[in-house]
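# Geometric and topological summary
Letter by letter, the chains look like this.
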Amino acid sequence: MPAAAIETTHNPSRLSTEDRKSVERALSHLKKAETGSASKIADASARLADRLYRAGEHGSAIYSLRLGLTLLEKQRATTSIWYAKTLHRYGVVNYMAGRYAECEAPYREALSLTEAAFGPNHYDTGVILNNIAELYRTLGRLDEAEPLYQRAIAIFESARGPSSAIVADLLNNYGGLQLARNNHKQAERLFNRSLENRRMLFGNNHPKTAESLNNLALLHERLGQNANAEELFAEVLSILKATNPRQEERIEIAAANLASTKFKSGKHAEAAKLLEAAIDDSNGYGNSIPAYRANTINNLGVVYDALGRSQDAAKMYRIAVEENRKTLGRSHPLVAQNLYSLALRQQDNNDREGALSHIREASRIYAERKGRQSERFTQHSWAKWKTAKTVFTTHLDLLYEQGVAQPEDRHDLISEGFLIAQTAMESSTQDALSQMAVRLSSGEGKLAKLIRGNQDAYLRLRDIDSLLIDELSLPPAERDIAKEEMLRNEQAALVVSIRQGENRLLSTYPKYAALNNPAPLAAIDVQALLAEDEAMLLYFVGERHSFLWLIKSDLVEIERLEIGREGLNKIVRSLRRSLDASHMEDISDIRAFDLKKAHKLYQAIIGPVASALTDITHLIVIADGALQSLPLGVLPTIKPIKRSLADFEDYRDVPWLVKKYAVTVLPSVNSLKQLRQFAGRSSAGSRPFAGIGDPLLDKGEGATRGVDARQLFTGGPIADADLVRKLPRLADTRSELDTIRRLLGGGPEDLLTGEKATERRVRNTDLSLYRHIAFATHGLLAGEFPGVAEPALVLTPPEVGSAEDDGLLTASEVAKLNLDADWVILSACNTAAADGTPGSEGLSGLARAFFYAGARALLVSHWAVDSAAAVSMTTGMFNELAAKELGRSEALRRAQLALMNDPQRVHFSHPIFWAPFIVVGEGTSAL
C-alpha cells in the first residue's frame, strides 16, 4: 500500500458563468494577437493558462498555450526566449494535469533555447532542469534525473544562496529521488536540510514545511517505523487543512498517506474512512485521473481486500490500472503494483487465467526496467529491486498452479518460470562476472582496454554521485564548494567519455550489447551446457514457500518447496551458530552440530529431487536468500539416529552430501554460459601462480584468520597502521603459499610475503600475468564497525596509514586490479560474505570485486577458518589437482574428505573445519 510524495496541485473547475465569459473573451483576443509582439503573445497565453489551470480547466489551459505556440510560430519566433518560455509552461501544465507523455519534448526544446540565450548556469535554465528531473522521477527514470537535480541545485545555490526557498524545494525533490532509490540515509539528510531551511523561512505551520514533514514520514514508513510515520502524517494533514484548505490534491495525498500507516498498524476501518473521504466522488472516474488519485484508489482496494470486500477491491484495482496506464504509460512501476494487486484478487477468486495475464504484464514491466544499462553499477540497485520480487513470486505461484491444473502445458510453464526466476534473482555479483566475461570474450588489446575503461568509468560515476549527495546534504557552513565544482566537472567529463565509449563499442564489437546485458537463459540452453553427470539446482526463495528447478542434460523439472524465507532464515541461522569459531579458545569450545536439523533442511530443499540425482556427481547451485550463506556439503543425506555427536570420530561416519557430490556455486544461471562459452581460460597469463600472504604483524601466532575490525580504527575510514600491525601473525600461510607455488611450478619471486605483502606492491605488480592467485591472510568482515562499509584482506601495514596504503586491501581496491586469472584462492575468513550494505545479497563483497577484476573462479569461505585446517585444505586441493585430471570442485571435495579423516587431528572431522570453503565460478576446469 504505497504512500506518496506531495508535489502538485489539481483542483476541480471553479469558473463562474461570468469568469467563463471573461476567459472566452481572453481566448478570442489571443487568437487575434498575430500582429502583437512575441513577448505579449507569450505573456498573454501564460497568464490565461494559469488562470484556467487554477480553475481546474486543464484542457483549456493546454489549449491556450498551444495557441500561443502556434501564433509564435507564425511570427517565426521559434528561436526566441518567448517561445522557450511558452514551451516550458506548456510542459509544466501538461505535467500538472498528469499528461506526462506530452512533457519531455517541450521541456527539452525549451532547455536548449534557454541555454542558448542565457547560458548553462542561468536561473531559468535551473528551473527547466528541475522540472525535467521531476518528470523523470515520476516516470521512474531515476538515473537520468539525478544529474539534472545536481545541476539545478548548483545553479540555484549560486543565484539565490544555499538557504533560499528554491534550494529547499530542490533538496526536497532530490531527497525524493534518493528515497525512490532506497538510499535512505542520503534521503534523510536531504529532507532534513530542506526542512531546516523551510522552518527558518516559513515557520512550523506552513504548507512548505508540511511537504518536508510528509517526505520524512515517507522515509519512516519505508523503514518500518510506522508509529513515527503516523504521527508525522497526522501533523501534515492538520497543517494543510488549517493553512491551505483549497489544495485538495495535497490534502488527499496526506490523508492517503496517513491511511497507509494506519493500515499497516492494523487499523483497517480507520484507513478505509480516510481514503473514502479523500476521493472526491464529484470528479467521477470518467476522465483522466492523476497519478496521486490512482494511488489513492489502489490503496482503497487494498483496504477493501483486508475488510473482506473483494468485489469493491477488484473495482478499485481495475480503475487504478487503467488510469495509471493513461497518465504514466504502460511500463511504469506503479502500473505494475496495480496489476499485482489485481492479480492477487483474481487468484483468490480462482480466476487463474485472468490473474496470470495481469501478473505477466507486471513482471514484464519490472523485467524491462532491470534490463536497462542505466540501472547497473548502482550501489543499491539489488536492494532497490527487492520490491519487485513479490511480483515475480506471485507469477511463479500462478505458473505452478496452472501447471498442476493443466498438465499438458506444464513444460512450457516450467520454462517460463525458469526465465522469471532468473530475472528476479540477478545480482551485483552476476553483474560483475558479466563485465569480466565481456572483456575476456573480446580478446586482448585495445578493445578489451576500452571495455574496461568504460566499466571503470561507470563505477567512478556512481562514486561521484554519492560524494555529491554527501556534500549537498551538509549545512551551508560545512560545504566545500571547490570540491563540489571539481566533482561536477569530473562527472560531466565521465558522462561524455562513457557515451563515446559505448558508441565505439557498439559499432566495432557487435556482440557487446548482448554480452553486456545478457538475457535470461532458456532451460534448453542450460541443458546444452551440462555434462551427463552434472545437474543445476536453481533456488528461488519466497515468503511462504520456495521453488527449485532441476536441470539435467535430459531433464527439466520444478518443485515447489514447503519452506519460505523465514523458515529458511531460522534453520540456517541455527546451523551457522554451531559453525561459528569466534568464541573458540580451544577445541573443547566447539559446539555440537545439529544433524537432525541439517537433515531436515536437506529433505526440504534437495529431498524432492534426490531420486533424479543418482547418476550425478557434480551439482551446480544457484542459491537464494539464506541458502547463500550455507555450503550444501554440510547436509546429511540420510536421517541421523542422533541429533548431535559427542565424539569427533563419529562425525566421519555421517553421510554428508559432500561424500556424494562435488558442488560449484554460481551467482546466476547466465554465469554458466558466460564462463564456459565466453570467458575461456587465461590466455594472457604466462606465469602459473602468484601468492600473497604472511603479512608482517607483531602479535604471536593466531589460530584463526578472522579479525575483530573494531580494534583497527580510531576514527575515519583509514585504518590505524599501528593497530593493524598488532594483529596475530599467520606464519603458516607462507608455507601454504610456497607449497602451492611448487606444485604449480612457480618461482620464489612469485611470492609476495612478509615485507613484500603490501597494498602498494600488490597494486604495482602486473597480476594479469598469473593464471592462479592466492591470498592467505586475515579476512575482514564488512560492517563490523562504524565508518567502514566493505570487506578487506589484511596486508603488511606501512609505518603510517594513508588512503593509498593502510594495510587493508578493500573490496573497492580489489575491483581496480587488472587480472586474467583462472582461479583466485582467498584463504581467509568470511570471504563469501556480503558487502555490508543492508539487504545486500550473498557473495556481494570480495567475491564480486574479484570477478570484476578478472577472476573466472574463486575459492571463498563462509565463516572464520582455522589456519591449520586452511593450510591442509588448500595444499591438499592442489595436490589432487596436480596428480589427477580433476575439476576444481572435485579437488576441493577430496581435500575436504581427507581433512575430515585426518588421523592426527580427529577434531577436523567437525564441519567447522572442513566445510567453510566453496568454489564459485567455473568449477569443472582442471589445471
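Here the structure is a predicted model, which means the values were calculated and not measured. (Residues numbered from 1 in each chain as written. Predicted model: local features only at pLDDT ≥ 70, side-chain atom pairs only at ≥ 80, totals over all residues. Heavy atoms only, no water.)

## Concerning the overall build of the protein chain
Assigned secondary structure in the protein chain consists of 36 helices and 16 strands. The buried share of the protein chain, taken over its 927 residues, is 59%. A sequence separation of at least 24 residues applies to 74% of the contacts in the protein chain between residues at least 6 apart. As presented, the protein chain carries roughly 36500 Å² of accessible surface, and 50% of it is formed by carbon and sulfur atoms. (Helix = DSSP H or I, 4+ residues; strand = E, 2+ residues; numbered from the N terminus. Buried < 20%, exposed > 50% of the residue type's maximum accessible area, 1.4 Å probe, protein only. Contact = heavy atoms within 4.5 Å. Areas by Shrake-Rupley, 256 points an atom, 1.4 Å probe, with all protein chains shown as cover.)

## Description of a negative patch on the surface
A surface patch of like charges, here negative, comprises D647, E649, D650 and D653. Residue placement: E649 occurs in the loop between β4 (618-622) and β5 (662-665). According to the relative accessible area criterion, E649 is partly exposed, its value standing at 48%. (Patch = residues over 30% accessible without salt bridge, like charges linked within 9 Å, V, L, I, M, F, W, Y side chains within 5 Å. Salt bridge = Lys/Arg side-chain N within 4 Å of Asp/Glu carboxyl O. Lys, Arg positive; Asp, Glu negative; His and termini not counted. Charge placed at Lys NZ, Arg CZ, Asp CG, Glu CD.)

## Some words on the sheet that holds strand β11 (residues 779-780)
Within a sheet, adjacent strands bond to each other through the backbone by hydrogen bonds, running parallel or antiparallel. On the basis of which strands lie adjacent, the open sheet formed by three strands has the order β11-β12-β13 and antiparallel pairing. Looking at the sheet topology across the chains shown, the edges are occupied by β11 and β13 (808-810). Where strand β12 (residues 792-794) and β13 come together, three bridges link them in antiparallel fashion. Across the sheet, A792 pairs through a bridge with T810, a residue of β13. (Pairing = 2+ DSSP bridges.)

## So, the layout of surface pockets
By volume, the second largest pocket is sized at about 1200 Å³. Elements represented by at least two residues in the lining of the second largest pocket include exactly α5 (104-118), α7 (142-160), α22 (446-472) and α23 (481-508). Element by element, the count of residues in the lining of the second largest pocket is highest for α23, at eleven residues. Within the lining of the second largest pocket, the residues separate by chemical class into 16 nonpolar, six polar and twelve charged. (1 Å grid on protein atoms, 1.4 Å probe; cavity = no way out; pocket = protein on both sides within 12 Å on 5 of 7 lines; lining within 4 Å. Points joined across faces, edges and corners; volume = space filled by probe spheres on them. Nonpolar A, V, L, I, M, F, W, Y, C, P; charged D, E, K, R; others polar.)

## Here we look at the packing of helix α4 (residues 81-96) against α5
At a closest axis distance of 8 Å, the pairing of α4 and α5 adopts a crossing angle of 150 degrees. With respect to the hand of their crossing, α4 and α5 are arranged in left-handed fashion. Judged by residue contacts, I81, Y83, A84, L87, H88, Y90, G91, V92 and Y95 of α4 engage P106, Y107, E109, A110, L113, T114, A117 and F118 from α5. Among the residues making up the contact of α4 with α5, the classes are represented as 13 nonpolar, three polar and one charged. (Axes fitted to C-alpha atoms, helices over the stretch in contact; angles between N-to-C directions. Left-handed = near helix turned anticlockwise from the far one by under 90°.)

## Some points on the pairing of strand β10 (residues 770-776)
Within β10, six of the seven residues are buried, leaving the element largely enclosed by the surrounding structure. Inspection of the sheet shows strand β6 (residues 687-695) paired to β10 by six bridges, in the parallel sense. Directly across from A690, in β10, lies its bridge partner I773. Taken together, the five bridges between β10 and strand β14 (residues 823-827) define a ladder with parallel strand orientation. Paired with H772 across the bridge in β14 is W823.

## Focus: the packing of aromatic side chains
All chains considered together, the criterion is met by twelve aromatic pairs. Directly above the aromatic system of Y304 lies the positively charged group of R309, at a separation of 3.9 Å from the ring centroid. When the ring centre of F540 is taken as reference, the NZ or CZ atom of K389 above it lies at 4.8 Å. (Phe/Tyr/Trp six-rings, centres within 6.5 Å; stacked < 30°, edge-to-face > 60°. Lys NZ or Arg CZ within 6 Å of the ring centre and 35° of its normal.)

## Here we look at a nonpolar patch on the surface
Among the surface-exposed residues, M200, L201 and F202 lie close enough to one another that they form a single nonpolar patch of about 280 Å² accessible area. By secondary structure assignment, the location of F202 is in helix α9 (residues 184-202). Judged by its relative accessible area of 32%, F202 falls in the partly exposed class.

## Details of the pattern of salt bridges
One pass over the full model with this rule turns up 49 salt bridges. Close ionic contact of R181 with D143 constitutes a salt bridge, the shortest N to O distance being 2.9 Å. Of this pair, R181 sits in the loop between α8 (165-180) and α9 while D143 sits in helix α7, placing them 38 residues apart in sequence. With respect to burial, R181 and D143 carry one shared label: buried. For the salt bridge of E749 with R687, the shortest nitrogen-to-oxygen distance reads 2.7 Å.

## Some points on the sheet that holds strand β9 (residues 751-754)
Strand order across the open sheet formed by eleven strands is β3-β2-β1-β4-β5-β16-β15-β14-β10-β6-β9, with mixed pairing between neighbours. The open sheet terminates on both sides in strands that have one partner only, identified here as β3 (555-561) and β9. Ignoring which end each strand starts from, the neighbouring axes of this sheet average 20 degrees apart. Two elements, β4 and β5, share four bridges in a ladder whose sense is parallel. Of the residues in β5, the one forming a bridge with H618 is A662. The strands that helix α30 (residues 732-744) touches are β6, β9, β10 and β14; relative to β6, the one it contacts most, it runs at about 175 degrees. Against the sheet, helix α34 (residues 867-883) touches β14, β15 (857-861) and β16 (917-921), its axis set at about 155 degrees to β14.

## Structural notes on the side chain of R893
Mapped onto the elements of the fold, R893 is located in helix α35 (residues 888-900). Exposure remark for R893: the relative accessible area of 14% places this residue in the buried category. Here the side chain of R893 touches K659 through a polar contact of 3.2 Å, landing on its backbone oxygen. Other than its neighbours up to four places away in sequence, R893 contacts V658, K659, K660, Y661 and A662. (Polar contact = N/O pair within 3.5 Å; in protein donor to acceptor, adjacent residues only side chain to side chain.)

## Considering the nonpolar core
Core analysis: the largest hydrophobic core is formed by 123 residues, its most contacted members being W549, I773 and F850. If we skip the residues at most four places from it in the chain, W549 touches L396, I414, G417, F418, A421, M536, L537, L538, F540, E557 and I558. Ranked by size, the runner-up nonpolar core spans 77 residues in total, among them L550, L737, A895 and I912. (Core = buried A, V, L, I, M, F, W, Y, C linked by side-chain atoms within 4.5 Å.)

## Description of helix α11 (residues 226-243)
Taking 1.5 Å per residue, 18 residues should reach 26 Å; α11 reaches 26 Å between its end C-alpha atoms and fits that length. The set of residues buried in α11 consists of N226, A229, E230, L232, F233, V236, L237, I239 and L240. (Expected span 1.5 Å × (residues − 1).)

## Things to note about a positive patch on the surface
A surface patch of like charges, here positive, comprises K570, R573, R577, R591 and K600. Among the elements that make up the positive patch, the one with the highest residue count is helix α26 (residues 565-577) (three residues).

## Examining unusual backbone geometry
In this structure, N350 is a non-glycine residue whose phi angle is positive, near 65 degrees. By the element assignment, N350 lies in the loop between α16 (333-348) and α17 (352-370). Phi at D694 takes a positive value of approximately 45 degrees, unusual for a residue other than glycine. Along the polypeptide, D694 turns up in strand β6. Overall, the relative accessible area of 1% leaves D694 in the buried class.

## Some details on the environment of L843
Here L843 is to be found in the loop between β14 and α33 (846-853). In this structure L843 comes out as buried when scored by relative accessible area, which is 8%. C-alpha separation for the pair L843 and A832, spaced eleven residues apart in sequence, amounts to 5.1 Å. Excluding residues within four positions of it along the chain, L843 makes contact with T429, V665, A832, A833, R848, V860 and V920.

## Comments concerning empty space enclosed by the protein
Think of a ball as big as a water molecule: rolled over the atoms, this probe shows where empty space is left. This structure, assessed with the given rule, holds six cavities of 30 Å³ or more. Estimated volume of the largest cavity: approximately 340 Å³. Taken together, 31 residues line the largest cavity, and the ones lying closest to its centre are P631, L632, V663, V665 and I918. Of all the elements in the fold, those that place two or more residues in the lining of the largest cavity are β5, α35 and β16. Ranked by residue count, the leading element in the lining of the largest cavity is α35, at four residues.

## Comments concerning the confidence of the model for the protein chain
Summing up the model confidence of the protein chain, the mean pLDDT is 83 and the portion of residues at 70 or higher is 85%. In this model residues 281-288 is a low-confidence stretch, pLDDT under 50, and it forms ten contacts with partners more than four residues away in sequence or in other chains. Low pLDDT, under 50, characterises residues 373-384; the stretch is placed with 42 contacts to residues that sit more than four places away or in other chains. (pLDDT = per-residue confidence, 0-100.)

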